[in-house]
Amino acid sequence: MIYLDNSASTKPYKEVIDVLVQTMEENYANADAIHDFSHKILLKIKKARKIVADYLKVEADRIYFTAGGGDGNNLLLQGIINANSRIKKHLITTKIEHPSVYEVFRHYENAGFEVDYLDVDKDGYIDLKQLEDLVREDTILVSVGAVNSETGAIQDLDKISKIIRNKNKDTYFHTDFVQGFGCTNIKFDKISVDAITVSGHKIHAPKGIGAIYVNKRVKIADVVFGSNAENGIVKRTMPTELILAFAKAVEILSKEDKKDMKYSQNIKKMLADKICEEIIDIKLNSSLDPEKSSPKVLNVSFKGTKGEVLTHFLGMYQIYVSTGSACSSKKGNSRILEVMGLNQSELDGAIRFSFSSENTVEQIDEVVKRLKESVERIRKTR
């Protein structure tokens, strides 16, 4: 099997699985109980919170554990908008956000808010001048994803934050960092961001766990109600085993991220170069510059094919790729690639390859061989 869909989900590390199982066996008490067993678990969760915060370079007491990226985005965006909407009614996001962000803004637009959606250029980068023009006195929130889930394009969060602060220091800035976690050199000790979302299953932790950061200056309302107060705005019984497993993955990430990014970048460039050499009528939709695009994402259009069909052809060889974000890949043309201006043939034939340290040079050779065969077979049936 060759797995090249790591942007959708990664294989948990063995060490992470070990922590998960050990915690289920030994630390199964409810963290909200008042006995000593519970208190010991709370101390472990506090340590886990610090591990996540240290990696992001933010304050540990402002980290809250969630059920994942979509859950975190909804909690943050709805909580911030609801808490600050008595007078202000203006919101800004981009046309290329993940559905868990984009659909929240669509919801508030339908509810009567004024929402501006930033354009992107042909490479998927937002129009900074447009952002500067759009931020105004009644802008509650700007949300811009750090790394695009389909193309890997890395937005300049530093410039974005400075534009927002210069135009309106009271406007909050949120970034969906789910695809940026472990795939960029971005840290938040020098970038002024008010809210951040991350997810565990993108960094070799289990599904069902993530975290949000909320700056202490942010006014945020509860959108989930209950009595479990230790985890702040996320009122649920804390899944200790998932939290500690997530922290273990972040701990590994903190030691291995630079090496993993360099390795993935080499694999990405190798695959891109071989595709360009072996297959005609293709278009690279991702930059090969590691400063501009995630080293773990390569989006390619194979003109004269259908991405879904090509995905199934590769699947027959146990090569697993995707046509885009797993949360929107079954909804026809990619909204992101459409906004970037791809023509219909390029949209139809788009495939996303996403990498991890487990991929090898030998796998890339096999992928290109099977890709070439599959593309030629599909094109002959046109």
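All figures in this text were calculated on a predicted structure; none of them were measured in a lab.

Novice: Tell me about the overall build of the chain, and please be specific about residues and values.
Specialist: The number of helices and strands found in the chain is 11 helices and 12 strands. Against the globule reference of 21 Å for 382 residues, the chain gives a C-alpha radius of gyration of 21 Å, in line with a compact fold. By principal-axis analysis of the C-alpha atoms, the chain measures approximately 65 × 50 × 35 Å. Restricting the contact set of the chain to residue pairs at least 6 apart, pairs at least 24 apart contribute 74%. When the accessible surface of the chain is summed, it comes to about 16900 Å², and 51% of that surface belongs to carbon and sulfur atoms. Charged side chains of the chain number 56 positive and 54 negative; the gap between the two group centres comes to 1 Å.

Novice: Got a sec to walk through the packing of aromatic side chains? Specific residues and values, please.
Specialist: For the structure on display, the rule yields eight aromatic pairs. Where Y108 meets F113, the ring centres are 5.3 Å apart and the plane angle is 85°; that geometry is what we call edge-to-face. In this pair, the class of Y108 matches that of F113, namely buried. An aromatic cluster is built from Y55, F65, F177, F181, F188 and F246, whose rings are joined through pairwise contacts. Above the ring of Y102, the side-chain terminus of R335 is found at 3.8 Å from the ring centroid.

Novice: Got a sec to walk through the sheet that holds strand 4 (residues 114-118)? Specific residues and values, please.
Specialist: With respect to topology, seven strands assemble into an open sheet ordered 2-8-7-6-5-3-4, the strand pairing being mixed. Edge positions in the open sheet fall to strand 2 (63-66) and strand 4, since each of these has one partner strand only. Shown here is a sheet whose adjacent strand axes are inclined to one another by a mean of 20°, direction ignored. Summarising the sheet, strand 5 (residues 139-143) and strand 6 (residues 172-176) pair through three bridges and their orientation is parallel. Across the sheet, residue S143 finds its bridge partner in strand 6, namely H174.

Novice: Summarise the packing of helix 8 (residues 307-315) against helix 11 (residues 361-380); cite the residues concerned and give the values.
Specialist: Taken N-terminus to C-terminus, the directions of helix 8 and helix 11 make an angle of 130°; their axes are 10 Å apart at the nearest point. Our classification of the angle between helix 8 and helix 11 gives oblique. You can see that helix 8 and helix 11 cross each other, and the crossing is right-handed. Between helix 8 and helix 11, the residues in contact are V309, L310, F313 and L314 and R370, L371, S374, V375, R377 and I378, respectively.

Novice: Tell me about the sheet that holds strand 9 (residues 282-284), and please be specific about residues and values.
Specialist: A sheet is described by the order of its strands in space; here three strands give the open sequence 9-10-12, paired in antiparallel fashion. Either end of the sheet is taken by a strand with one partner, and the two such strands are strand 9 and strand 12 (350-354). The mean angle between the axes of side-by-side strands here comes to 25°, regardless of whether they run parallel or antiparallel. Note: strand 10 (residues 297-302) against strand 12, five bridges, orientation antiparallel.

Novice: Outline the pattern of salt bridges, listing residues and values.
Specialist: Per the counting criterion, the structure on display carries 24 salt bridges. Measuring nitrogen to oxygen at the nearest pair gives 3.2 Å for the salt bridge that ties R352 to D5. Remark: D5 occurs in the loop between strand 1 (2-3) and helix 1 (14-26) and R352 occurs in strand 12; sequence separation between them is 347 residues. R352 gets classed as buried once you look at its relative accessible area, which sits at 1%. Accessibility expressed as a relative area gives 13% for D5, which makes it buried.

Novice: So what's going on with the nonpolar core? Residues and values would help.
Specialist: By size, the foremost hydrophobic cluster in this structure holds 64 residues, and its most contacted members are L56, F65, L131, F177, F181, F188 and F246. Broken down by secondary-structure element, the contributors of at least two residues to this core are helix 1, helix 2 (36-56), strand 2, helix 6 (157-167), strand 7 (195-199), strand 8 (210-214), helix 7 (240-278) and helix 9 (335-339). The element that contributes the greatest number of residues to this core is helix 7, accounting for 10 residues. Formed jointly, this core draws a minimum of three residues from each of two domains, domain 1 (2-9 + 257-381) and domain 2 (14-252). Setting aside residues up to four positions removed in sequence, F188 forms contacts with L56, K57, V58, L157, T175, F177, V193 and I196. Core analysis: the next-biggest nonpolar cluster, separate from the first, contains 25 residues, I2, I282, L298 and V375 among them.

Novice: Run through the domain arrangement of the chain, naming residues and quoting values.
Specialist: Assigned domains within the chain: domain 1 (2-9 + 257-381) and domain 2 (14-252). Taking only C-alpha atoms, the centre of domain 1 and the centre of domain 2 are 28 Å apart. Each partner contributes to the interface: domain 1 provides 29 residues, whereas domain 2 provides 31 residues. Of the roughly 2400 Å² buried between domain 1 and domain 2, counting both surfaces, carbon and sulfur atoms make up 49%.

Novice: Help me get a handle on the packing of helix 3 (residues 69-83) against helix 4 (residues 99-110), residues and values and all.
Specialist: At a closest axis distance of 9 Å, the pairing of helix 3 and helix 4 adopts a crossing angle of 30°. Overall, the two elements helix 3 and helix 4 adopt an arrangement that is roughly parallel. Helix-helix and strand crossings are classified by hand; for helix 3 and helix 4 the assignment is right-handed. Facing G69, G70, N73, N74, L77, Q78, I81 and N82 of helix 3, the residues of helix 4 in contact are S100, V101, V104, F105 and Y108. Counted by class, the contact of helix 3 with helix 4 contains six nonpolar, seven polar and no charged residues.

Cut-off values and rules
Residues numbered from 1 in each chain as written. Predicted model: local features only at pLDDT ≥ 70, side-chain atom pairs only at ≥ 80, totals over all residues. Heavy atoms only, no water. Helix = DSSP H or I, 4+ residues; strand = E, 2+ residues; numbered from the N terminus. Rg over C-alpha atoms; globule rule 2.2 N^0.38 Å. Contact = heavy atoms within 4.5 Å. Areas by Shrake-Rupley, 256 points an atom, 1.4 Å probe, with all protein chains shown as cover. Lys, Arg positive; Asp, Glu negative; His and termini not counted. Charge placed at Lys NZ, Arg CZ, Asp CG, Glu CD. Phe/Tyr/Trp six-rings, centres within 6.5 Å; stacked < 30°, edge-to-face > 60°. Buried < 20%, exposed > 50% of the residue type's maximum accessible area, 1.4 Å probe, protein only. Lys NZ or Arg CZ within 6 Å of the ring centre and 35° of its normal. Pairing = 2+ DSSP bridges. Axes fitted to C-alpha atoms, helices over the stretch in contact; angles between N-to-C directions. Parallel < 35°, antiparallel > 145°, perpendicular 65-115°, else oblique. Left-handed = near helix turned anticlockwise from the far one by under 90°. Salt bridge = Lys/Arg side-chain N within 4 Å of Asp/Glu carboxyl O. Core = buried A, V, L, I, M, F, W, Y, C linked by side-chain atoms within 4.5 Å. Domains from an automatic or database assignment. Buried area = accessible area lost by both parts, 1.4 Å probe. Nonpolar A, V, L, I, M, F, W, Y, C, P; charged D, E, K, R; others polar.

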